[in-house]
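The residues making up each chain are set out below.
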Amino acid sequence: QHSLRANAISLCVGYLTMPIGAVAIYTIGPLWSGVAIFLSVLTEGWYLSYWVEQPFRWRPVVVGNLISSAVLMSLPYLALDIKLARPEWAWQLDPYQDDLWWGSVVGSALLFVVSFAPLRTRDTPSLASPAIDAVGSVSESSRPPQVTPSAEV
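Residues numbered from 1 in each chain as written. Predicted model: local features only at pLDDT ≥ 70, side-chain atom pairs only at ≥ 80, totals over all residues. Heavy atoms only, no water.

Colleague: What is the right way to read the confidence of the model for the protein chain from this model?
Modeller: The predicted structure's coordinates, where accompanied by low pLDDT, should not be read in detail. Within the protein chain, residue pLDDT values average 78, and 76% of them lie at 70 or more. Across the protein chain, the secondary-structure element scoring lowest on mean pLDDT is helix α1 (residues 2-16), at 83, and the one scoring highest is helix α4 (residues 58-85), at 90. Of the regions scoring below 50 in pLDDT, residues 127-139 engages in nine contacts with residues more than four places distant in sequence or in other chains. (pLDDT = per-residue confidence, 0-100. Helix = DSSP H or I, 4+ residues; strand = E, 2+ residues; numbered from the N terminus. Contact = heavy atoms within 4.5 Å.)

Spelled out as structure tokens, the structure:
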């Protein structure tokens, strides 16, 4: 859940830096990709290091962002190959360009909102029931305190 949230926040940072990126693409060229990856790693790493209770490791964040970015950077080459193999598809898909773009924006926004919804897992005990340990017995620490009447009045 935290990883999804970190990625969604990174996506928002990416949307916010789009105007800068549009200019940077023409000034520093492909170096902008490195800057964008760095910002993504920094954003996700900051979020995860703040919220995750376990010792934080940067390596999975860096590797995940590098793989994700490599896939995204390969998409234009794949699109060009498809366009060369099937040039008629560009004209057939043209009427749907706006819908596809807005669909991606709305989908990203929904993912962002959903990533902050509280999730219950099998390991998360309900507030209404006591926690059950691995052997199946009720954990003493999860029982509500018992109030016993005092003998003194």
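Colleague: Looking at this structure, how should I read the nonpolar core?
Modeller: Within soluble globular proteins, side chains that are nonpolar tend to cluster in buried spots. With seven residues, the main nonpolar core is built from Ala6, Ile9, Ile37, Val41, Tyr47, Leu48 and Val61. Breaking this core down by element, the ones donating at least two residues are α1 and α3 (31-51). Ranked by residues supplied to this core, first place goes to α3 with four residues. Ignoring sequence-local partners within four residues, the contact set of Ile37 consists of Leu66, Ser69 and Met73. (Core = buried A, V, L, I, M, F, W, Y, C linked by side-chain atoms within 4.5 Å. Buried < 20%, exposed > 50% of the residue type's maximum accessible area, 1.4 Å probe, protein only.)

Colleague: Is there a simple way to think about α3 in this case?
Modeller: A rise of 1.5 Å per residue sets the reference length of α3, with its 21 residues, at 30 Å; its end C-alpha atoms lie 31 Å apart and thus fit the reference within 8%. Every buried residue belonging to α3 is among Trp32, Ile37, Ser40, Val41, Thr43, Glu44, Gly45, Tyr47 and Leu48, and all of these are buried. Where the residues of α3 are buried, they touch α1, α2 (18-27) and α4. (Expected span 1.5 Å × (residues − 1).)

Colleague: Hey, could you run me through the packing of α1 against α3 in this one?
Modeller: How two helices pack is summed up by the angle between their axes together with the distance between the axes. Running from N to C, α1 and α3 point in directions that differ by 140 degrees, and their axes come no closer than 9 Å. By the angle class used here, α1 and α3 are oblique. Considering how the two elements wind past one another, α1 and α3 form a crossing that is right-handed. For the pair α1 and α3, contact is made by His2, Ser3, Arg5, Ala6, Asn7, Ile9, Ser10 and Val13 and by Ser40, Thr43, Glu44, Tyr47, Leu48 and Trp51, respectively. (Axes fitted to C-alpha atoms, helices over the stretch in contact; angles between N-to-C directions. Parallel < 35°, antiparallel > 145°, perpendicular 65-115°, else oblique. Left-handed = near helix turned anticlockwise from the far one by under 90°.)

Colleague: Hey, could you run me through the packing of aromatic side chains in this one?
Modeller: Counted under the stated rule, the structure contains five aromatic pairs. Each ring, one from Trp46 and one from Tyr50, has its centre 6.4 Å from the other, and the planes form 15 degrees; the classification is stacked. Residue Trp46 and its partner Tyr50 are both found in helix α3; the two are separated by four residues, about one turn of the helix. For Tyr50, a relative accessible area of 58% corresponds to the exposed category. Arranged with centres 5.0 Å apart and planes meeting at 85 degrees, the rings of Phe56 and Trp58 form a pair that is edge-to-face. Judged by relative accessible area, which is 25%, Phe56 ranks as partly exposed. Ring pairs connect the aromatic residues Trp46, Tyr47, Tyr50 and Trp51, which therefore count as one cluster. (Phe/Tyr/Trp six-rings, centres within 6.5 Å; stacked < 30°, edge-to-face > 60°.)

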